[in-house]
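Understanding the architecture of this molecule
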Amino acid sequence: MARKPRFDILFDPVRIGPVTAPNRFYQVPHASGMTNTMPHGRAAFRAMKAAGGWGTVCTGAVSIHPSSDDAPLPLARLWSDADIPTHALMTDAVHQHGALAGIELWHGGAGTMNRVSRIPPLSPSGLGWMPTHVGFIGNQKSRAMGREDFAALRGWYAGAARRARQAGFDIVYVYAGMGYLLHEFLLPALNHRTDAYGGSVANRCRLIGEIIEDMRGATHGACAIALRISLEELRARPGLHAESEAHEVVMALSDQPDLWDVKMDSSPSDCPASRFAAEGSHEPVIDFVRRLTTRPVVGVGRFTSPDAMVSQIRRGVLDLIGAARPSIADPFLPRKIDAGCEDDIRECIGCNICIASWHEGVPIRCTQNATVGEEWRRGWHPEIFVPRGSNDRVLIVGAGPAGLECALTLGRRFYDVAVADRSGQPGGRLVHETKLPGLAAWRRALDYRLNGLRALANVSMFLDSDMKIDDILAFGAERVVIATGAEWTRALYDARLEVPGPILDAPGVFTPDDVFAGRVTTGPVLVFDYENYYMAGCIAEQLARQGLQVTYATPAGHASAWSILTNEQPRVYEALAAQGVALHTTVAVSGFDGGVARLVNIFTNAAREISCASLVIVGHRSGRDALHSGLHATRETWADHGIRDVTCIGDAAAPGAIVHAIHAGALYARDLDMPPSDMPYALDELFTDPVAGAIREIA
Ligand code: ADP
Ligand code: SF4
């Protein structure tokens, strides 16, 4: 197929100062969790996007000095010449595909705690960035910068820029966003200075302007200098001479950077989950920038629709279509648009599991794209599949995320595959969960796989097929995969050991499976959550929307506690408040008699009673692995039926989030008939010799 002419504009080259981006697809800086200690994995992750057609590919934040130390979050750095080779691996790999390579040079200021370096963090006025925020809370306060600190900071930026050029980067960033040091200078709430760096907008911008010029000198004009800036709070502040202070800041620095990379102020507003924000959510804040500069502007908005991208350009909002999440979910998004195959795009579902992996301090993973982070260590490619290693037929029982991913990947490896599901529709948990408030975009995880399967004549789907052990034995497949999912239990919570407690099998006690089946109809309802992710919050919201009076209770300190990692939590509170849901935290349900539930404080044991007719327990899930254990009990008959092995995957084996199920399906399918190995994946290696880039294996 050929590219649709209306998308041609996306493939225009764009001049960025001294360099030219080959097209408008721009992977903005975003975290990978793969630090300098995983240089090959990091390079392969970024290079995959260049291979997929992203014309510019950037690093995540790279610290310029030990006084910017974000530990225990994964920290990439360019502190000395010894750090150059690890970054050169990435620039070489990206350049091989004709893309530009950008580096986000970063000083965290009071947004870091410097837990490793133990250097007091620097700030304009000794104030912290969100110091009481539950995710960042810490005891180390910052130190107001003195005169000598300005010279040092400018030297660090210039030195890092020089090294970035040596490492092969085409674009070097000044980072004035997300509460980090240079953003702190822009915000009057954090910048109380009375010298040349505080007060007026011109003064608050001064340091950024100086650093841009320092970096231009340090790179001898060979690199483009990009300014990444957060505009949310500034846009909310009326300006003296223009509509807002954001306008005044952009006017003050107008053509000084070669590129404006514009964004929001904090992770929840910058990368909101699709549950609470649609594609293009930044536009109301950043829409004015392009009118105030002749330099190109890049911004993000979880864009996966090429029509939405074209609209951003034609309406004069953006010159370059920035992406983090869409480029993670589908590194080949640009090539698919170029080939006229935009229906094949693996669209980001906006679940923010990728962001949670950063917040958890581990290498990146993605719900939609199981190959993310596996490019180098397992050699997985999102679009290329090793042909099958045998002529075995594979029967997959269960068409949930694990079964469908497994079928799609095996199908693309040319295996003969049959998928059986007892339901009349494929999708497993996705069928129900995508009907919960805000989760409609997660349907993309199902649609992408069904769309891919439709193109494969070697995969057959058998619905309304409740498979029993005899059916499987008689089926005639050499390989059997059990992907039958998990079910929610009515187990209460043992607060002392923090494990599931006794099963409460009584009238009026329900699980999420009952909610999906429409069995919870009588209020008031108490939703008791010790799973702590999205499910209980969504269910509380849904039942309240149905007109039931709902109370939410959890042993955790916050509602939907784990969802702070996916940026959902603040919006969960908003959503529950909007529906009038009452919240109780640090409590466990110790009993329910059909009319009254007893809540006990997990620290003090203080008890209180809540009137409710229904109790929904969102706690423990149990793998549906009976087919797997039953088949293993018949092991001696397998040979008679031609069966070589039976494997349990996904929620049936180990209940988890959808990301785990999809990865499990991919893992089985990619590993089938591959040579066995002692190690599940290759271990990354460090460069230790700054000159030769010699490699020493990690012990
Ligand atoms: P996962 O997240 O691991 O993919 P799901 O719960 O989403 O798990 O999907 C499991 C699927 O398995 C569901 O669609 C369910 O209908 C199906 N299933 C469970 N038991 C059987 C069975 N005995 N025969 C056929 N399908 C089954
Ligand atoms: Fe999108 Fe979720 Fe993948 Fe992140 S993890 S890129 S939000 S699909």
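Thresholds applied
- Residues numbered from 1 in each chain as written.
- Chains lettered and ligands numbered in written order.
- Predicted model: local features only at pLDDT ≥ 70, side-chain atom pairs only at ≥ 80, totals over all residues.
- Heavy atoms only, no water.
- Pairing = 2+ DSSP bridges.
- Helix = DSSP H or I, 4+ residues; strand = E, 2+ residues; numbered from the N terminus.
- Axes fitted to C-alpha atoms, helices over the stretch in contact; angles between N-to-C directions.
- 1 Å grid on protein atoms, 1.4 Å probe; cavity = no way out; pocket = protein on both sides within 12 Å on 5 of 7 lines; lining within 4 Å.
- Points joined across faces, edges and corners; volume = space filled by probe spheres on them.
- Nonpolar A, V, L, I, M, F, W, Y, C, P; charged D, E, K, R; others polar.
- Expected span 1.5 Å × (residues − 1).
- Contact = heavy atoms within 4.5 Å.
- Core = buried A, V, L, I, M, F, W, Y, C linked by side-chain atoms within 4.5 Å.
- Buried < 20%, exposed > 50% of the residue type's maximum accessible area, 1.4 Å probe, protein only.
- Salt bridge = Lys/Arg side-chain N within 4 Å of Asp/Glu carboxyl O.

Neighbouring strands of a sheet are bound in pairs by backbone hydrogen bonds; such pairs are parallel or else antiparallel. Spatially, β25-β26-β27 is the arrangement adopted by the 3 strands of the open sheet, whose pairing is antiparallel. The open sheet has two edge strands, β25 (587–592) and β27 (607–611), and neither has a second partner. In this sheet, neighbouring strand axes are inclined to one another by 30 degrees on average, regardless of whether the strands run parallel or antiparallel.

Here we come to empty space enclosed by the protein. If a probe the size of a water molecule is rolled over the atoms, the empty space left behind becomes visible. If you walk through the whole model with that rule in mind, you get 3 cavities of 30 Å³ or more. Counted as a void, the largest cavity has a volume near 120 Å³. In terms of lining residues, the largest cavity is bounded by 14 residues, among which R346, P382, E405, Y448 and R670 are the most central. Those elements that place two or more of their residues in the lining of the largest cavity are α14 (401–412) and α16 (443–454). When residues of the lining of the largest cavity are assigned to their parent elements, the largest contribution, 4 residues, is made by α14.

Okay, the layout of surface pockets next. If you add up the space inside the second largest pocket, you get close to 820 Å³. Elements supplying a minimum of two residues to the lining of the second largest pocket: α14, α15 (429–433), β18 (486–488), α18 (512–516) and α21 (626–633). When residues of the lining of the second largest pocket are assigned to their parent elements, the largest contribution, 4 residues, is made by α15. A per-class count over the lining of the second largest pocket returns 17 nonpolar, 10 polar and 12 charged.

Attention shifts here to α16. Between its first and last C-alpha, α16 extends 16 Å over 12 residues, near the 16 Å set by a 1.5 Å rise per residue. On its buried side, α16 packs onto α14, α15, β16 (459–462) and α23 (658–671).

Our focus in this paragraph is the nonpolar core. By size, the foremost hydrophobic cluster in this structure holds 85 residues, and its most contacted members are L10, L105, L153 and L231. If near-sequence neighbours (up to four positions away) are discounted, L153 is found in contact with I64, H107, M145, L181, L182, L207 and I211. Judged by nonpolar contacts, the second largest core, of 66 residues, contains V419, L436, L548 and V616.

Take the sheet that holds strand β21 (residues 509–510) next. Taken together, the 5 strands give an open sheet; going across it, the order is β21-β28-β22-β23-β24, and neighbouring strands pair in parallel fashion. Looking at the sheet topology across the chains shown, the edges are occupied by β21 and β24 (582–584). By the bridge criterion, 2 bridges tie β21 to strand β28 (residues 614–618) in an arrangement that is parallel. Across the sheet, the residue bridging to V509 is L615, located in β28.

Looking now at the pattern of salt bridges. Pairing of side chains with opposite charge becomes possible as their charged atoms draw close. One pass over the structure, following the stated rule, counts 48 salt bridges. The network of salt bridges with common partners includes D392, R479, R644, D645 and D673.

The next thing to look at is the environment of P188. Its location among the elements puts P188 in the loop between α4 (181–186) and α5 (201–218). A C-alpha to C-alpha distance of 9.2 Å links P188 and S200, two positions 12 residues apart in sequence. For P188, the contacting residues outside a window of four places in its chain are R204, R237 and E245.

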